[in-house]
Amino acid sequence: MAGCTPSVGAWTGPDTAWTDGAAGPARPKFEMSSGPVEYSATLTLATTTAALREVSLLHPTSCTHSCDNNQRLIDLPITATTADTVSVAMPSNPALAPPGWYLVVVVDTGGVPSAGQWLRLGTGEPASV
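As a starting point, this report considers the structure included with it. Note that the structure is a prediction, hence the values are computed from the model and not measured. (Residues numbered from 1 in each chain as written. Predicted model: local features only at pLDDT ≥ 70, side-chain atom pairs only at ≥ 80, totals over all residues. Heavy atoms only, no water.)

Its identity as a non-glycine residue notwithstanding, Ser40 has a phi of 65°, on the positive side. In this structure, Ser40 sits in the loop between β1 (30–31) and β2 (42–47). Here Ser40 falls in the exposed class, since its relative accessible area comes to 52%. (Helix = DSSP H or I, 4+ residues; strand = E, 2+ residues; numbered from the N terminus. Buried < 20%, exposed > 50% of the residue type's maximum accessible area, 1.4 Å probe, protein only.)

This is how it looks when you write it as structure tokens:
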């Protein structure tokens, strides 16, 4: 195609050298329940550090024709912290976060992200009319 020059790049600078403790900044780790989580619920994560900057939901991609109209990054408000837990408020509006699977990721105060874990939001049951 005239005028179309595809280009792909990947950044591998020092700020992407996250590890699980061998060298460089250690990734934060967390555990959560394995069952579905309902709208407006509180989700409590057991974590290796309570010094978290954010907890986010990432919706899996569904790219077609190089456009993903379903992409979502939802920052969850942190409602409480202890030395080894963090509680967050789940979205209350299915229009913001449709029922389904999301990747939960935490980021510590140094900007280092965790590995993600899958969570099912909502039961997937249609609302009664």
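On to the nonpolar core. Counting 20 residues, the largest nonpolar core has Leu43, Val55, Leu57, Met90 and Leu119 as its most contacted members. Among the elements of the structure, β2, β3 (52–58), β4 (73–76), β6 (85–89), β7 (100–108) and β8 (117–121) are those that each provide at least two residues to this core. Sequence-distant contacts of Leu43, defined by excluding residues within four places in its chain, comprise Met32, Ser33, Val37, Val86, Ser87, Val88, Met90 and Leu119. (Core = buried A, V, L, I, M, F, W, Y, C linked by side-chain atoms within 4.5 Å. Contact = heavy atoms within 4.5 Å.)

With that settled, consider the sheet that holds β1. Sheet strands pair by backbone hydrogen bonding; their relative direction is either parallel or antiparallel. Across the sheet, four strands lie side by side as β1-β2-β6-β5; this open sheet has antiparallel pairing. Across the chains shown, the open sheet's two edge strands, defined by having one partner strand only, are β1 and β5 (78–81). Bridge analysis of β2 against β6 gives five bridges, and the strand direction is antiparallel. Across the sheet, Leu43 pairs through a bridge with Val88, a residue of β6. (Pairing = 2+ DSSP bridges.)

Moving on, we get to the sheet that holds β8. Pairing is antiparallel in the open sheet, where four strands are placed in the order β4-β3-β7-β8. A strand with exactly one partner marks an edge of an open sheet, and here the two such strands are β4 and β8. Sheet twist, expressed as the mean angle between neighbouring strand axes with direction ignored, is 35°. (Axes fitted to C-alpha atoms, helices over the stretch in contact; angles between N-to-C directions.)

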